[in-house]
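Below, each chain spelled out in residue letters.
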Amino acid sequence: MIAIIGGSGLTRLENLEITHRQIVRTPYGEPSGPLTFGHIGEGEAVFLARHGYAHTLAPHEVNYRANLWALQAKGVTSVIAVCTVGGIAPDLAAGTIAVPDQIIDYTWGRPSTYFEGAEQPVTHIDFTYPYTQALREAAIESAREVGLHVVDGGAYAAVQGPRLETKAEIDRLERDGATMVGMTGMPEAALARELGLGYAALAVVVNAAAGRGASARAIPVADIGPVIEESMAKVRMIVAKMVERHGHP
Ligand code: HPA
């Protein structure tokens, strides 16, 4: 089954015909909220709001381990992660949707592995290509089928937040090779890999990163709301197509 983890602006999937909700407890604590099960067309899916259904959890407060563990416990094999990002590369203007293919992790202090503690063997997963290529391709293909363009590839810089960045920080991320910046991509992607789950992201650019474009002097935070709304309508269409095509048990 496919899971959709919704980020800012996607706390509900309106086109999901809900069958039931379930609270799942895990050895790592509670997920961000109950899991919402349902279907879109013929495809089954489960939805989870990453920041909680009332958007109360900051990126560093999300229990990523509990979220992914709970999804896998309920039969999920693939995760579509929806997240918002600031655009660093010039082709990532606000309103663009990207399917990144790389990650650089700048987060700290977040529980970021299942392989720790006395009973766990030390395990080093391969993470050369952090996203699942087949799932990335399904996202890109589904977007094409509903007539939407997405940017194929890009390096997602995962930062700690919740504050936005300084211009110098964005300059540094750009020198490092990052094309977009967000706060929730890690450790989520690595934990998915540790569990053997397929994982791909739909990264919605909601603002130019600090010091870039329309954010040259300041990030126009008030402009972000309408961009999120418009873009998440597109994300719903892409996700629906992915679930219809690939969401069979
Ligand atoms: N920086 C970090 N995270 C973000 C941004 C940003 O500019 N926009 C949306 N999420």
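Note that the structure is a prediction, hence the values are computed from the model and not measured. In every chain, residue numbers begin from 1 and rise along the written sequence. Given that this is a predicted model, residues contribute local features only at a pLDDT of at least 70 and side-chain atom pairs are listed and counted only at 80 or more, while totals for whole chains, interfaces and linings are drawn from all residues. Excluded from the side-chain calculation are hydrogens and water; included are all heavy atoms of the structure.

A. Up close: the overall build of the chain. Numbering goes from the N terminus for both helices and strands, where a helix is a DSSP run of H or I of at least four residues and a strand is a run of E of at least two. From N to C terminus, the chain includes five helices and eleven strands. A radius of gyration in this sense is built from C-alpha atoms; the matching globule rule multiplies 2.2 Å by the number of residues raised to 0.38. Relative to the globule expectation of 18 Å for 249 residues, the C-alpha radius of gyration of the chain, 17 Å, shows essentially globular dimensions. Along the first, second and third principal axes, the C-alpha atoms of the chain reach 45 × 45 × 30 Å. Counting only residues that meet the buried cut, the chain has 53% of its 249 residues in that class. Contact between two residues is taken to exist if any of their heavy atoms lie within 4.5 Å; hydrogens are not considered. Sequence-distant contacts in the chain: of pairs separated by 6 or more residues, those separated by 24 or more amount to 80%. Accessible areas in this description were obtained via Shrake-Rupley with a 1.4 Å probe; residue shielding takes into account the shown protein chains only. As displayed, the chain offers around 11000 Å² of accessible surface, 53% of which is attributable to carbon and sulfur atoms. The centroid of the 20 positive side-chain charges in the chain is displaced by 3 Å from the centroid of its 27 negative side-chain charges. Only protein chains enter the calculation, and the probe is 1.4 Å; a residue is then buried if its accessible area is under 20% of its type maximum, exposed if over 50%, and partly exposed in between. Charged-residue counts in this description rest on Lys and Arg as positive and Asp and Glu as negative, His and the chain ends being excluded. Where a charge lies is defined by one atom per residue type, namely NZ (Lys), CZ (Arg), CG (Asp) and CD (Glu).

B. Examining the packing of helix α1 (residues 64–73) against helix α4 (residues 188–195) more closely. Under this scheme, a helix contributes an axis fitted over its contacting stretch, all axes are lines through C-alpha atoms, and angles between N-to-C directions fall in the 0 to 180 degree range. Relative to each other, α1 and α4 sit at 40°, their axes nearing to 10 Å. The hand of the α1/α4 crossing is right-handed. On α4, the residues touching Y64, R65, L68, W69 and Q72 of α1 are E188, L191, A192 and L195. Under the grouping applied here, Gly and all other residues not named as nonpolar or charged are polar, the nonpolar ones being Ala, Val, Leu, Ile, Met, Phe, Trp, Tyr, Cys and Pro and the charged ones Asp, Glu, Lys and Arg. Class assignment for the residues of the contact of α1 with α4 results in six nonpolar, one polar and two charged. The handedness criterion is simple: a crossing whose near helix is rotated anticlockwise from the far helix by less than a right angle is left-handed, and one whose near helix is rotated clockwise is right-handed.

C. Region of interest: the packing of aromatic side chains. For Phe, Tyr and Trp, rings pair up if their centres lie within 6.5 Å, where Trp contributes its six-membered ring, and each pair is then called stacked (planes under 30 degrees apart), edge-to-face (over 60) or tilted (otherwise). All told, the structure shown has two aromatic pairs when counted by the stated rule. Here the aromatic rings of Y28 and Y114 are separated by 5.1 Å at their centres, their planes lie at 75°, and the arrangement is edge-to-face. Here the residue Y28 occupies a position in the loop between β2 (17–22) and β3 (35–40), and Y114 occupies one in the loop between β7 (102–105) and α2 (133–145), the gap between them amounting to 86 residues. For Y114, a relative accessible area of 6% gives the class buried.

D. Highlighting the pattern of salt bridges. Whenever Lys or Arg places a side-chain nitrogen within 4 Å of a carboxyl oxygen from Asp or Glu, that contact is recorded as a salt bridge. Counted under the stated rule, the structure contains 13 salt bridges. Here R136 makes a salt bridge to D152, at a shortest N to O gap of 2.7 Å. You can see R136 sitting in helix α2 and its partner D152 sitting in strand β8 (residues 151–152), a full 16 residues away along the chain. By relative accessible area, R136 is classed as buried at 3%. Taking the shortest distance from any N to any O, the salt bridge between R245 and E145 comes out at 2.2 Å. Pair noted here: R245 is in helix α5 (residues 224–246) and E145 is in helix α2, with a separation of 100 residues, a long-range link.

E. How the structure looks around the site of the ligand. Think of it this way: one heavy atom of a residue within 4 Å of a molecule or strand is enough to make that residue near it. Within the structure, the ligand sits among T84, V85, G86, L164, E165, V181, G182, M183, V206 and N207. Taking T84, its main chain carries an N or O atom lying 3.4 Å from a nitrogen atom of the ligand. Contact distances for the ligand include 2.7 Å between a nitrogen atom and a side-chain N or O atom of N207. Protein burial of the ligand: of its 260 Å² of free accessible surface, 93% is covered by the chains. Looking at the shell around the ligand, the elements that each hand over two or more residues are β5 (78–87), β10 (180–182) and β11 (198–208). Looking at the shell around the ligand, the element that brings in the most residues is β5, giving three residues. For the shell around the ligand, a count of residues per class yields five nonpolar, four polar and one charged. Two N or O atoms form a polar contact when they lie within 3.5 Å of each other; inside protein one atom must be a possible hydrogen donor and the other a possible acceptor, and for residues adjacent in sequence the pair counts only when both atoms belong to side chains.

F. Up close: α5. Here, expected helix span is obtained from the residue count minus one, scaled by 1.5 Å. When the terminal C-alpha atoms of α5 are compared, their 31 Å separation across 23 residues agrees well with the 33 Å that a helix rising 1.5 Å per residue should span. Residues I224, V227, I228, S231, M232, V235, R236, I238, V239, A240, M242 and V243 constitute the buried set of α5.

G. Spatial organisation of the environment of D91. Residue position: D91 is located in the loop between β5 and β6 (97–99). For the pair D91 and V151, spaced 60 residues apart in sequence, the C-alpha to C-alpha distance is 8.6 Å. Once residues within four sequence positions are removed from consideration, D91 is found in contact with T96 and V151.

H. Inspection of the pairing of β11 at higher detail. For β11, the tally of buried residues reaches eleven of eleven residues, placing the bulk of the element in the interior. Strands are labelled as partners when DSSP assigns at least two bridges between them. As defined by bridge partners, β5 adjoins β11 across ten bridges and the pair is classed as parallel. When the sheet's bridge partners are listed, A81 is paired in β11 with A201. Where β6 and β11 come together, two bridges link them in antiparallel fashion. Along β11, the bridge assignment pairs A98 with A203.

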